[in-house]
Amino acid sequence: MQSRVLPDVTSDSVIDAPSLLKWVGMEGIAVPITLSLQDKQQIFAAKAKVYVSLEKADAKGIHMSRLHFAINQLAEQECNKETIATLLNEIIESQNGIGFEAKLELTFDALLKKPALLSGESGFQSYPITINAEKTSKGFSCKLDLTIPYSSTCPCSASLARQLYADAINSKYQNEMIEKSDLLEWIESPEGTVATPHSQRSFAYIQLCVGDNDWPEFSKFIFNLEGIIGTPVQTAVKRIDEQAFAKLNAENLMFCEDAARNLKRGLDTMSFIEDYWFKVEHQESLHAHNAVVIDQKF
């Protein structure tokens, strides 16, 4: 049986009003990607957005399916800067002169194993990451978006709590001299819980422009940022870890401005970052609103 020639509307149609279009493509493509994290290769479920420029004014449209075929290649190789740069070139070539620029966005959650502070236990934490890569007339460039959760304890609230403790001790112990054993017993009793400073789960939303520079190793980069902020959230813990976490927060009291300044100083030391934007968000436990700082390099 003779095979039929299927119609090709994209190639055969005449355009009534020819014009150029900046980006045409597909969104929400599911694709597995492989990354080297924590000294081993791991596979993650990603969602891809991929676009090409439409620069042939009289073309009906781009070759859409070729974008999907190109994205599928990510399932067969490690996802890194070189892979993405090569893929964008292949996407442009697949369009046969219709467009000469391409853009790719990959969104996924990196799953990292984290040790507890003291006990030796460990658990897993996910970090949302987006890779944005473009190949234009200016060359290849890349942006990275990631979210870092952390804990923050309010310095003002801690100061007020300390004052209440001082007032309670002064009220309970009228004599000028206090027996150390009596004081310790009172502190460790339920009565000794006079006040606690308010803490909140907080987030740093970070956008980095790395241009054509080498990418950081994501797990080391994330843990470095957590160290800069100082109070990363924990995974599996025992009581000894929870106590150590309380001590860590007491040693790193911070307003959102403090967290932002720490983050800014850290980012400014990283030579592979050409530009950055970030927002730190402290999701208040005292208020129904959030405290935020937004800053950028340029």
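Residues numbered from 1 in each chain as written. Predicted model: local features only at pLDDT ≥ 70, side-chain atom pairs only at ≥ 80, totals over all residues. Heavy atoms only, no water.

Novice: Whenever I open this one, a nonpolar patch on the surface confuses me. Can you help?
Specialist: Together, Leu117, Leu118 and Ile240 line one region of the surface with nonpolar side chains, adding up to about 270 Å² of accessible area. Considering the arrangement of structural elements, one finds isoleucine 240 in helix α7 (residues 239–251). Isoleucine 240 sits in the partly exposed class, given a relative accessible area of 44%. (Patch = residues over 30% accessible without salt bridge, like charges linked within 9 Å, V, L, I, M, F, W, Y side chains within 5 Å. Areas by Shrake-Rupley, 256 points an atom, 1.4 Å probe, with all protein chains shown as cover. Salt bridge = Lys/Arg side-chain N within 4 Å of Asp/Glu carboxyl O. Helix = DSSP H or I, 4+ residues; strand = E, 2+ residues; numbered from the N terminus. Buried < 20%, exposed > 50% of the residue type's maximum accessible area, 1.4 Å probe, protein only.)

Novice: Help me out: how do you make sense of a negative patch on the surface in this one?
Specialist: Side chains of Glu179, Asp182, Glu185 and Glu188 sit close together on the surface and give a patch of like negative charge. The class of aspartate 182 is partly exposed, set by a relative accessible area of 37%. (Lys, Arg positive; Asp, Glu negative; His and termini not counted. Charge placed at Lys NZ, Arg CZ, Asp CG, Glu CD.)

Novice: Got a minute to help me understand the packing of helix α2 (residues 64–71) against helix α3 (residues 81–94) in this structure?
Specialist: Angle between the axes and distance between the axes: these two values describe a pair of packed helices. Running from N to C, α2 and α3 cross one another at 155 degrees; their axes reach a closest spacing of 10 Å. In terms of their interaxial angle, α2 and α3 are classed as roughly antiparallel. Once α2 is placed against α3, the crossing between them reads as right-handed. The residues of α3 that touch α2, namely those facing Arg66, Leu67, Ala70 and Ile71, are Leu87, Ile91 and Ser94. Partitioning the contact of α2 with α3 into residue classes produces 5 nonpolar, 1 polar and 1 charged. (Axes fitted to C-alpha atoms, helices over the stretch in contact; angles between N-to-C directions. Parallel < 35°, antiparallel > 145°, perpendicular 65-115°, else oblique. Left-handed = near helix turned anticlockwise from the far one by under 90°. Contact = heavy atoms within 4.5 Å. Nonpolar A, V, L, I, M, F, W, Y, C, P; charged D, E, K, R; others polar.)

Novice: Just checking my understanding: could you explain the pairing of strand β3 (residues 102–115) for this structure?
Specialist: Along any regular strand the residues' side chains alternate between the sheet's two faces. Summarising the sheet, strand β2 (residues 40–54) and β3 pair through 6 bridges and their orientation is antiparallel. Counterpart to lysine 47 in the pairing with β3 is threonine 107. Where β3 and strand β4 (residues 122–136) come together, 14 bridges link them in antiparallel fashion. Looking at β4, one finds that leucine 104 is bridged to alanine 133. What sits between β3 and β4 in their antiparallel hairpin is a turn of 6 residues, with glycine 120 showing a positive phi close to 90 degrees. (Pairing = 2+ DSSP bridges.)

Without other data, these values stay purely geometric and don't point to any function.
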